Amino acid sequence: MEVTLEFCGGAETAHNGGEKFLTFKSDHKEPKVSDIFAQVRSKKLIDDIDALIESDKDVKPGVLVLINDADWELFNEADYQVCKNDRITFVSTLHGG
């Protein structure tokens with residue numbers, strides 16, 4: 001299954017110096033968000049993964065995860081079964097100033 005990750009609110013700096021989207025093929029036919037996180041970490045698909053993802057089931061403090069523009073807490077967080085055409089968005093709430 002093809003998966004699309006989106007990076008917003010400063011999170012895009014963690015991916016190839018500012019790219020907003022990453023699309024890749026999942027290793028799983030029906031992946032959960034935790035499977036996506038594990039694959040992204042193991043294959044180093046994001047330059048500064050440690051700035052966003054803390055583990056296969058959790059993100060760093062200050063990072064929001066949205067699934068199709070809704071908070072992932074509404075979808076059982078990392079246990080959510082990703083569906084075709086879903087978009088997983090990382091939004092950083094930490095800003096310098």
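Just above, that's the structure.
The notes below deal with the structure included here. Note that this is a predicted model, so its numbers are computed, not measured.

Scanning all chains against the criterion turns up four aromatic pairs. Aromatic pair Phe 7 and Phe 90: ring centres 5.7 Å apart, planes at 10°, arrangement stacked. With a gap of 83 residues between them, Phe 7 in strand 1 (residues 2–8) and Phe 90 in strand 7 (residues 87–92) connect regions that are remote in the sequence. Residue Phe 90 is classed as buried on the basis of its relative accessible area, which comes to 0%. Judged by centre distance (5.9 Å) and plane angle (40°), the ring pair of Phe 37 and Trp 72 falls under tilted. Pair noted here: Phe 37 is in helix 1 (residues 33–42) and Trp 72 is in the loop between strand 6 (70–71) and strand 7, with a separation of 35 residues, a long-range link. Comparing Phe 37 with Trp 72, the two get one shared label, buried. Of the aromatic side chains, those joined through ring pairs into one cluster are Phe 7, Phe 37, Trp 72 and Phe 90.

Glancing now at the pairing of strand 2 (residues 21–25). Two faces make up the sheet, and in a regular strand the side chains alternate between them. Going residue by residue along strand 2, you find Leu 22 and Phe 24 tucked away on one face and Phe 21, Thr 23 and Lys 25 left uncovered on the opposite face. Taken together, the five bridges between strand 1 and strand 2 define a ladder with antiparallel strand orientation. Across the sheet, residue Val 3 finds its bridge partner in strand 2, namely Phe 24.

Cut-off values and rules
Per-chain numbering applies: the sequence of each chain, read as written, is numbered from 1 onward. Residue-level local features of this predicted model are given only where pLDDT is at least 70; pairs of side-chain atoms are given and counted only at 80 or more, and the full residue set underlies all totals for whole chains, interfaces and linings. Calculation of side-chain values draws on the structure's entire complement of heavy atoms; hydrogens and water are dropped beforehand. Working definition: a ring pair exists when centres of Phe, Tyr or Trp rings (six-membered ring for Trp) sit within 6.5 Å. Plane angles under 30 degrees give stacked, over 60 give edge-to-face, the rest tilted. In this description a helix means any DSSP run of H or I spanning at least four residues, a strand means any run of E spanning at least two, and both kinds are numbered starting from the N terminus. Think of it in three bands: residues with accessible area under 20% of the maximum for their type are buried, residues over 50% are exposed, and the middle band is partly exposed, with areas taken using a 1.4 Å probe on protein chains only. In this analysis, strands are considered paired if DSSP registers two or more bridges between them.

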